[in-house]
Amino acid sequence: MKRPVALLLAPIRPDAQGNGLARRAWMWAATLAARHELRTIILAKSQWFAQGHGDIPGTTTIVPVRSSATRPDWIVADPELVQALRDALPADMPDRIVVFRLQLLDVLALLPPAWRHRVELDSDDREAHARLDFARLSFRRLRLRTALGHLRGALCYVRAERRAIRQVSSLHLAAAEDADAVRRLAGPGVRVFATPNRIDGPLAPPRAEGSVFPPRILFVGTLGFLPNEDAALWLAEAITPHLRRLVPNAQVAVAGLPGSARLAARLARAGVEYLGAPESLSEAYANAAVAIAPLRGGSGTKLKMLEAWQHGRPVVATSHACRGLGAVPDQDVLRADSASGLAAACARLLIDGALAARLAANGQALLRRRFHMDSPERA
(Lines give C-alpha, C1' and ligand atoms only; values in the text may rest on other atoms or scores of the structure.)
Protein backbone atom coordinates (compact mmCIF):
# COMPACT_ATOMS: atom_id res chain seq x y z
CA MET A 1 0.00 0.00 0.00
CA LYS A 2 1.37 3.43 -0.94
CA ARG A 3 2.33 5.55 2.06
CA PRO A 4 0.97 9.09 2.46
CA VAL A 5 3.40 11.89 1.59
CA ALA A 6 4.72 14.56 3.97
CA LEU A 7 6.62 17.70 3.00
CA LEU A 8 9.05 19.42 5.40
CA LEU A 9 10.44 22.88 4.62
CA ALA A 10 13.31 23.93 6.89
CA PRO A 11 16.05 26.59 6.91
CA ILE A 12 18.65 24.12 8.19
CA ARG A 13 19.55 20.48 7.61
CA PRO A 14 17.84 18.20 10.15
CA ASP A 15 20.55 16.72 12.37
CA ALA A 16 20.12 14.65 15.55
CA GLN A 17 23.61 15.73 16.68
CA GLY A 18 23.48 19.38 15.60
CA ASN A 19 22.57 22.60 17.35
CA GLY A 20 19.12 23.25 18.80
CA LEU A 21 17.65 24.40 15.49
CA ALA A 22 18.95 21.35 13.61
CA ARG A 23 17.75 18.98 16.33
CA ARG A 24 14.21 20.32 16.26
CA ALA A 25 14.23 20.00 12.48
CA TRP A 26 15.40 16.39 12.99
CA MET A 27 12.53 15.77 15.40
CA TRP A 28 10.11 16.75 12.64
CA ALA A 29 11.91 14.70 9.99
CA ALA A 30 11.93 11.57 12.15
CA THR A 31 8.32 12.05 13.29
CA LEU A 32 6.98 12.58 9.77
CA ALA A 33 9.05 9.76 8.25
CA ALA A 34 7.63 7.27 10.77
CA ARG A 35 4.24 7.38 9.01
CA HIS A 36 4.88 9.10 5.68
CA GLU A 37 7.05 9.13 2.62
CA LEU A 38 9.05 12.22 3.52
CA ARG A 39 10.19 14.95 1.13
CA THR A 40 12.49 17.51 2.78
CA ILE A 41 13.44 20.83 1.20
CA ILE A 42 16.28 22.68 2.95
CA LEU A 43 16.30 26.41 2.25
CA ALA A 44 19.95 27.01 3.11
CA LYS A 45 21.45 30.49 3.48
CA SER A 46 24.99 29.09 3.36
CA GLN A 47 26.86 25.81 3.07
CA TRP A 48 26.96 25.58 6.87
CA PHE A 49 23.16 25.33 7.04
CA ALA A 50 23.24 22.44 4.54
CA GLN A 51 25.79 20.35 6.47
CA GLY A 52 25.12 17.76 9.16
CA HIS A 53 25.63 14.23 10.44
CA GLY A 54 23.98 11.07 9.13
CA ASP A 55 21.23 10.55 6.60
CA ILE A 56 17.84 12.25 6.47
CA PRO A 57 14.87 9.90 5.95
CA GLY A 58 13.18 10.07 2.55
CA THR A 59 14.37 12.39 -0.20
CA THR A 60 16.11 15.72 0.37
CA THR A 61 16.60 18.77 -1.86
CA ILE A 62 18.84 21.71 -0.92
CA VAL A 63 17.78 25.09 -2.29
CA PRO A 64 20.22 28.03 -1.85
CA VAL A 65 18.49 31.19 -0.61
CA ARG A 66 19.43 34.61 0.69
CA SER A 67 18.49 36.43 3.88
CA SER A 68 16.80 39.79 4.18
CA ALA A 69 19.15 42.71 4.81
CA THR A 70 16.60 44.36 7.11
CA ARG A 71 14.80 41.47 8.84
CA PRO A 72 17.00 39.13 10.92
CA ASP A 73 17.25 35.59 9.47
CA TRP A 74 14.29 36.18 7.15
CA ILE A 75 14.28 34.14 3.92
CA VAL A 76 13.65 36.33 0.88
CA ALA A 77 11.11 34.95 -1.62
CA ASP A 78 12.96 36.23 -4.70
CA PRO A 79 12.52 35.00 -8.34
CA GLU A 80 15.39 32.52 -8.02
CA LEU A 81 13.72 30.89 -5.03
CA VAL A 82 10.39 30.78 -6.86
CA GLN A 83 11.82 28.68 -9.68
CA ALA A 84 13.97 26.46 -7.44
CA LEU A 85 11.07 25.72 -5.11
CA ARG A 86 8.73 24.99 -8.01
CA ASP A 87 11.23 22.41 -9.31
CA ALA A 88 11.62 20.80 -5.86
CA LEU A 89 7.96 20.49 -4.82
CA PRO A 90 6.15 17.17 -5.31
CA ALA A 91 3.67 17.04 -8.17
CA ASP A 92 0.66 16.27 -5.97
CA MET A 93 -0.47 17.90 -2.74
CA PRO A 94 1.19 16.21 0.28
CA ASP A 95 -0.93 14.81 3.09
CA ARG A 96 1.03 16.88 5.63
CA ILE A 97 3.00 20.08 5.05
CA VAL A 98 5.23 21.28 7.90
CA VAL A 99 7.06 24.58 7.57
CA PHE A 100 9.74 24.93 10.22
CA ARG A 101 10.38 28.41 11.63
CA LEU A 102 8.61 31.72 11.23
CA GLN A 103 11.40 33.08 9.00
CA LEU A 104 9.94 31.00 6.13
CA LEU A 105 6.58 32.75 6.30
CA ASP A 106 6.99 34.47 2.91
CA VAL A 107 7.78 31.11 1.33
CA LEU A 108 4.18 30.03 2.02
CA ALA A 109 2.97 32.36 -0.73
CA LEU A 110 5.03 30.32 -3.20
CA LEU A 111 3.13 27.11 -2.49
CA PRO A 112 0.16 26.20 -4.69
CA PRO A 113 -2.93 27.98 -3.29
CA ALA A 114 -4.81 24.70 -2.82
CA TRP A 115 -2.04 23.46 -0.48
CA ARG A 116 -2.05 26.31 2.00
CA HIS A 117 -4.94 25.08 4.14
CA ARG A 118 -2.72 22.11 5.09
CA VAL A 119 0.29 24.12 6.20
CA GLU A 120 1.45 23.58 9.79
CA LEU A 121 3.95 26.21 10.92
CA ASP A 122 6.38 25.30 13.68
CA SER A 123 7.66 28.63 14.96
CA ASP A 124 9.49 26.73 17.75
CA ASP A 125 9.61 29.77 20.03
CA ARG A 126 8.24 33.31 20.09
CA GLU A 127 10.96 34.91 18.02
CA ALA A 128 10.00 38.48 18.94
CA HIS A 129 10.45 37.67 22.64
CA ALA A 130 13.80 36.05 21.89
CA ARG A 131 14.94 39.22 20.08
CA LEU A 132 13.87 41.34 23.07
CA ASP A 133 15.98 39.11 25.29
CA PHE A 134 18.90 39.48 22.87
CA ALA A 135 18.51 43.26 23.11
CA ARG A 136 18.47 43.13 26.91
CA LEU A 137 21.59 40.95 27.02
CA SER A 138 23.33 43.24 24.54
CA PHE A 139 22.51 46.31 26.65
CA ARG A 140 23.93 44.47 29.66
CA ARG A 141 27.17 43.95 27.72
CA LEU A 142 27.10 47.64 26.56
CA ARG A 143 26.70 46.64 22.90
CA LEU A 144 24.26 49.41 22.17
CA ARG A 145 24.21 49.21 18.37
CA THR A 146 23.64 45.45 18.50
CA ALA A 147 20.86 45.95 21.04
CA LEU A 148 19.04 48.43 18.82
CA GLY A 149 19.28 45.98 15.92
CA HIS A 150 17.65 43.28 18.03
CA LEU A 151 14.85 45.68 19.03
CA ARG A 152 14.12 46.37 15.35
CA GLY A 153 14.14 42.62 14.74
CA ALA A 154 11.65 42.10 17.55
CA LEU A 155 9.18 44.49 15.89
CA CYS A 156 9.53 42.61 12.59
CA TYR A 157 8.75 39.30 14.28
CA VAL A 158 5.76 40.72 16.19
CA ARG A 159 4.19 41.58 12.84
CA ALA A 160 5.19 38.22 11.35
CA GLU A 161 3.58 36.28 14.19
CA ARG A 162 0.29 38.11 13.66
CA ARG A 163 0.46 37.39 9.92
CA ALA A 164 1.17 33.72 10.54
CA ILE A 165 -1.93 33.32 12.69
CA ARG A 166 -4.04 34.36 9.68
CA GLN A 167 -2.22 32.28 7.07
CA VAL A 168 -1.69 28.75 8.39
CA SER A 169 -3.92 25.92 9.53
CA SER A 170 -2.04 25.34 12.79
CA LEU A 171 0.91 26.57 14.81
CA HIS A 172 3.39 24.57 16.91
CA LEU A 173 5.54 25.98 19.74
CA ALA A 174 7.97 24.16 22.01
CA ALA A 175 6.94 25.65 25.37
CA ALA A 176 3.42 25.28 26.74
CA GLU A 177 3.44 28.85 28.09
CA ASP A 178 4.30 30.16 24.61
CA ALA A 179 1.48 28.11 23.08
CA ASP A 180 -0.96 29.48 25.66
CA ALA A 181 0.07 33.07 24.88
CA VAL A 182 -0.37 32.57 21.14
CA ARG A 183 -3.78 30.95 21.67
CA ARG A 184 -4.92 34.07 23.54
CA LEU A 185 -3.57 36.23 20.72
CA ALA A 186 -5.11 34.08 17.98
CA GLY A 187 -8.56 33.68 19.47
CA PRO A 188 -10.97 30.83 18.68
CA GLY A 189 -10.69 28.83 15.50
CA VAL A 190 -6.87 28.71 15.29
CA ARG A 191 -5.19 25.48 16.32
CA VAL A 192 -2.11 26.10 18.45
CA PHE A 193 -0.15 23.13 19.79
CA ALA A 194 2.53 22.80 22.44
CA THR A 195 4.89 20.42 20.64
CA PRO A 196 7.89 19.94 22.94
CA ASN A 197 11.44 19.41 21.82
CA ARG A 198 12.42 15.75 21.73
CA ILE A 199 15.90 14.35 21.33
CA ASP A 200 17.06 11.09 19.86
CA GLY A 201 19.76 8.63 20.86
CA PRO A 202 20.63 6.30 23.76
CA LEU A 203 20.37 7.33 27.40
CA ALA A 204 23.51 7.01 29.51
CA PRO A 205 23.02 5.40 32.93
CA PRO A 206 22.37 8.17 35.47
CA ARG A 207 25.13 8.60 38.04
CA ALA A 208 24.73 6.19 40.92
CA GLU A 209 24.94 7.11 44.59
CA GLY A 210 28.49 6.52 45.76
CA SER A 211 30.03 7.12 42.33
CA VAL A 212 33.22 9.17 42.40
CA PHE A 213 33.56 12.11 40.00
CA PRO A 214 36.01 14.96 39.75
CA PRO A 215 34.45 18.09 41.32
CA ARG A 216 33.75 19.51 37.87
CA ILE A 217 30.87 21.68 36.67
CA LEU A 218 30.12 21.62 32.93
CA PHE A 219 28.33 24.15 30.72
CA VAL A 220 27.62 23.22 27.08
CA GLY A 221 26.50 25.67 24.42
CA THR A 222 27.19 27.21 21.03
CA LEU A 223 29.23 30.20 22.15
CA GLY A 224 28.50 32.25 19.05
CA PHE A 225 24.87 32.42 20.23
CA LEU A 226 24.35 35.47 22.45
CA PRO A 227 22.45 33.82 25.36
CA ASN A 228 25.12 31.11 25.58
CA GLU A 229 27.94 33.66 25.44
CA ASP A 230 26.28 35.63 28.24
CA ALA A 231 25.80 32.44 30.27
CA ALA A 232 29.44 31.37 29.83
CA LEU A 233 30.75 34.79 30.92
CA TRP A 234 28.36 34.95 33.90
CA LEU A 235 29.48 31.46 34.90
CA ALA A 236 33.16 32.35 34.63
CA GLU A 237 33.18 35.82 36.13
CA ALA A 238 30.37 35.77 38.69
CA ILE A 239 29.33 32.21 39.59
CA THR A 240 32.76 30.54 39.67
CA PRO A 241 34.27 32.84 42.36
CA HIS A 242 31.32 32.07 44.67
CA LEU A 243 31.65 28.35 43.94
CA ARG A 244 35.38 28.24 44.74
CA ARG A 245 34.77 29.90 48.10
CA LEU A 246 32.41 27.02 48.90
CA VAL A 247 34.37 24.22 47.21
CA PRO A 248 37.99 25.38 46.78
CA ASN A 249 38.98 22.51 44.47
CA ALA A 250 35.96 22.92 42.16
CA GLN A 251 36.69 22.82 38.43
CA VAL A 252 34.58 24.60 35.84
CA ALA A 253 34.54 23.70 32.12
CA VAL A 254 32.76 25.02 29.03
CA ALA A 255 32.25 23.00 25.83
CA GLY A 256 30.73 23.92 22.50
CA LEU A 257 31.33 25.59 19.16
CA PRO A 258 33.76 28.49 19.69
CA GLY A 259 32.83 32.11 19.94
CA SER A 260 35.37 34.91 19.74
CA ALA A 261 39.03 34.72 20.79
CA ARG A 262 38.19 37.48 23.29
CA LEU A 263 35.58 35.25 24.92
CA ALA A 264 38.05 32.35 25.17
CA ALA A 265 40.60 34.67 26.77
CA ARG A 266 38.08 35.86 29.38
CA LEU A 267 37.20 32.27 30.26
CA ALA A 268 40.89 31.45 30.68
CA ARG A 269 41.51 34.50 32.91
CA ALA A 270 38.70 33.28 35.19
CA GLY A 271 40.29 29.83 35.43
CA VAL A 272 37.55 28.17 33.37
CA GLU A 273 38.66 25.40 31.03
CA TYR A 274 37.40 25.68 27.47
CA LEU A 275 37.07 22.21 25.93
CA GLY A 276 36.30 23.36 22.40
CA ALA A 277 33.72 21.56 20.29
CA PRO A 278 34.42 17.83 20.66
CA GLU A 279 33.05 15.41 18.07
CA SER A 280 31.12 13.75 20.89
CA LEU A 281 30.16 15.34 24.20
CA SER A 282 29.97 11.99 25.98
CA GLU A 283 33.49 12.29 27.38
CA ALA A 284 32.90 15.86 28.59
CA TYR A 285 29.79 14.76 30.48
CA ALA A 286 31.48 11.60 31.76
CA ASN A 287 34.19 13.75 33.38
CA ALA A 288 31.72 16.13 35.01
CA ALA A 289 29.80 15.73 38.24
CA VAL A 290 27.18 18.40 37.51
CA ALA A 291 25.78 20.18 34.44
CA ILE A 292 24.84 23.86 34.73
CA ALA A 293 22.55 25.98 32.55
CA PRO A 294 22.95 29.62 33.74
CA LEU A 295 20.86 31.09 30.92
CA ARG A 296 19.31 34.54 31.26
CA GLY A 297 17.83 34.99 27.79
CA GLY A 298 16.40 33.38 24.67
CA SER A 299 13.07 31.61 24.36
CA GLY A 300 11.55 28.22 23.66
CA THR A 301 12.87 25.27 25.65
CA LYS A 302 16.53 24.48 26.23
CA LEU A 303 17.89 21.36 24.60
CA LYS A 304 21.00 21.55 26.80
CA MET A 305 18.77 20.58 29.74
CA LEU A 306 17.56 17.48 27.89
CA GLU A 307 21.09 16.66 26.75
CA ALA A 308 22.43 16.77 30.32
CA TRP A 309 19.69 14.39 31.48
CA GLN A 310 20.39 12.18 28.46
CA HIS A 311 23.98 11.88 29.71
CA GLY A 312 22.79 11.05 33.23
CA ARG A 313 23.90 14.22 34.99
CA PRO A 314 22.13 16.31 37.64
CA VAL A 315 21.40 19.85 36.53
CA VAL A 316 21.60 23.26 38.15
CA ALA A 317 19.70 25.90 36.15
CA THR A 318 18.04 29.27 36.14
CA SER A 319 14.27 29.59 36.00
CA HIS A 320 14.66 30.72 32.40
CA ALA A 321 16.55 27.56 31.44
CA CYS A 322 13.79 25.44 33.01
CA ARG A 323 10.88 27.14 31.23
CA GLY A 324 8.56 24.85 29.30
CA LEU A 325 9.96 21.63 30.74
CA GLY A 326 7.78 21.08 33.80
CA ALA A 327 10.84 20.25 35.88
CA VAL A 328 10.07 20.31 39.61
CA PRO A 329 12.62 22.25 41.69
CA ASP A 330 14.55 20.09 44.17
CA GLN A 331 13.08 16.98 42.55
CA ASP A 332 14.25 17.12 38.92
CA VAL A 333 16.61 20.11 39.04
CA LEU A 334 18.16 22.60 41.46
CA ARG A 335 17.02 26.06 40.45
CA ALA A 336 18.42 29.49 41.28
CA ASP A 337 18.58 32.89 39.60
CA SER A 338 21.52 34.62 41.30
CA ALA A 339 25.22 33.93 40.92
CA SER A 340 25.53 33.04 44.61
CA GLY A 341 22.43 30.82 44.48
CA LEU A 342 23.67 28.89 41.44
CA ALA A 343 27.08 28.44 43.06
CA ALA A 344 25.47 27.18 46.28
CA ALA A 345 23.35 24.69 44.30
CA CYS A 346 26.44 23.38 42.48
CA ALA A 347 28.27 23.05 45.79
CA ARG A 348 25.39 21.05 47.26
CA LEU A 349 25.58 18.53 44.42
CA LEU A 350 29.37 18.27 44.61
CA ILE A 351 29.14 17.51 48.32
CA ASP A 352 25.93 15.45 48.51
CA GLY A 353 26.29 12.42 46.22
CA ALA A 354 22.89 11.01 47.20
CA LEU A 355 21.13 14.23 46.18
CA ALA A 356 23.08 14.33 42.91
CA ALA A 357 22.15 10.73 42.09
CA ARG A 358 18.46 11.35 42.87
CA LEU A 359 18.25 14.45 40.69
CA ALA A 360 20.06 12.72 37.81
CA ALA A 361 17.65 9.78 37.93
CA ASN A 362 14.55 12.01 38.20
CA GLY A 363 15.70 14.29 35.39
CA GLN A 364 16.31 11.34 33.09
CA ALA A 365 12.92 9.86 33.99
CA LEU A 366 11.29 13.17 32.96
CA LEU A 367 13.26 13.10 29.72
CA ARG A 368 12.24 9.51 29.00
CA ARG A 369 8.59 10.27 29.74
CA ARG A 370 8.14 13.50 27.77
CA PHE A 371 11.15 14.61 25.73
CA HIS A 372 12.72 11.58 24.07
CA MET A 373 11.77 10.46 20.55
CA ASP A 374 10.50 7.23 22.10
CA SER A 375 8.45 9.08 24.74
CA PRO A 376 5.02 7.58 25.45
CA GLU A 377 3.54 11.07 25.89
CA ARG A 378 2.76 12.85 22.62
CA ALA A 379 1.69 16.46 22.12
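Just above sits the structure.
Presented here is an overview of the structure given in this document. Every value quoted in this text rests on a predicted model; they were computed, and no experiment measured them.

Basis of the calculations
- Residues numbered from 1 in each chain as written.
- Predicted model: local features only at pLDDT ≥ 70, side-chain atom pairs only at ≥ 80, totals over all residues.
- Heavy atoms only, no water.
- Helix = DSSP H or I, 4+ residues; strand = E, 2+ residues; numbered from the N terminus.
- Rg over C-alpha atoms; globule rule 2.2 N^0.38 Å.
- Buried < 20%, exposed > 50% of the residue type's maximum accessible area, 1.4 Å probe, protein only.
- Contact = heavy atoms within 4.5 Å.
- Areas by Shrake-Rupley, 256 points an atom, 1.4 Å probe, with all protein chains shown as cover.
- Lys, Arg positive; Asp, Glu negative; His and termini not counted.
- Charge placed at Lys NZ, Arg CZ, Asp CG, Glu CD.
- 1 Å grid on protein atoms, 1.4 Å probe; cavity = no way out; pocket = protein on both sides within 12 Å on 5 of 7 lines; lining within 4 Å.
- Points joined across faces, edges and corners; volume = space filled by probe spheres on them.
- Pairing = 2+ DSSP bridges.
- Axes fitted to C-alpha atoms, helices over the stretch in contact; angles between N-to-C directions.
- Expected span 1.5 Å × (residues − 1).

It is worth spelling out the overall build of the protein chain at this point. A tally of regular secondary structure across the protein chain gives 13 helices and 13 strands. Computed over the C-alpha atoms, the radius of gyration of the protein chain is 21 Å, within 12% of the 21 Å expected from 2.2 N^0.38 for a compact globule of 379 residues. A principal-axis box enclosing the C-alpha atoms of the protein chain has dimensions of 65 × 50 × 40 Å. Within the protein chain, the proportion of its 379 residues that are buried is 54%. Partitioning the intrachain contacts of the protein chain with sequence separation of at least 6 by distance along the chain shows that 67% fall at a separation of at least 24. A total accessible area of about 16400 Å² is found for the protein chain, and carbon and sulfur atoms account for 53% of it. Side chains of the protein chain give 50 positive and 35 negative charges; the mean places of these two sets differ by 5 Å.

With that out of the way, let us pick up empty space enclosed by the protein. The full count for this structure, using the stated rule, is 2 cavities of 30 Å³ or more. When its volume is computed, the largest cavity comes out at roughly 70 Å³. Lining the largest cavity are L102, L121, S123, D125, R126, E127, E161, A164, I165, L171, L173 and V182. Looking at the lining of the largest cavity, the elements with two or more residues in it are β5 (119–124), α5 (144–167) and β6 (170–173).

With that settled, the discussion passes to the sheet that holds β5. Strands pair in a sheet through their backbones, by hydrogen bonds, and they do so in one of two ways: parallel or antiparallel. On the basis of which strands lie adjacent, the open sheet formed by 7 strands has the order β3-β2-β1-β4-β5-β6-β7 and parallel pairing. Of all strands in the sheet, those bounded by a partner on one side alone are β3 (59–64) and β7 (191–194). Pairwise comparison of adjacent strand axes, ignoring direction, gives a mean angle of 20° for this sheet. Looking at chain direction, strand β1 (residues 5–10) and strand β4 (residues 96–100) are connected through 4 bridges and run parallel. Looking across to β4, one finds that L8 is bridged to V98.

Okay, helix α12 (residues 339–351) next. With 13 residues, α12 extends 18 Å from end C-alpha to end C-alpha; this agrees with the ideal 18 Å at 1.5 Å per step. Every buried residue of α12 is accounted for by A339, G341, L342, A343, A345, C346, A347 and L349.

If you walk across this open sheet you meet the 6 strands as β10-β9-β8-β11-β12-β13, and the pairing is parallel. The open sheet has two edge strands, β10 (273–274) and β13 (334–335), and neither has a second partner. Examined bridge by bridge, strand β8 (residues 216–220) and strand β9 (residues 251–255) share 5 bridges and lie parallel to one another. When the sheet's bridge partners are listed, I217 is paired in β9 with V252.

The end-to-end C-alpha distance of α5 is 35 Å, a good match for the 34 Å that 24 residues give at a rise of 1.5 Å each. By the burial criterion, the buried members of α5 are A147, H150, G153, A154, C156, Y157, A160, E161, A164 and I165. Elements in contact with the buried residues of α5: β5, α4 (127–140), β6, α6 (176–186) and α7 (226–246).

Relative to the elements of secondary structure, R335 occurs in strand β13. Separated by 10 residues in the primary sequence, R335 and A345 have C-alpha atoms spaced 7.5 Å apart. Aside from chain neighbours lying at most four places away, what touches R335 is A317, T318, S319, C322 and P329.

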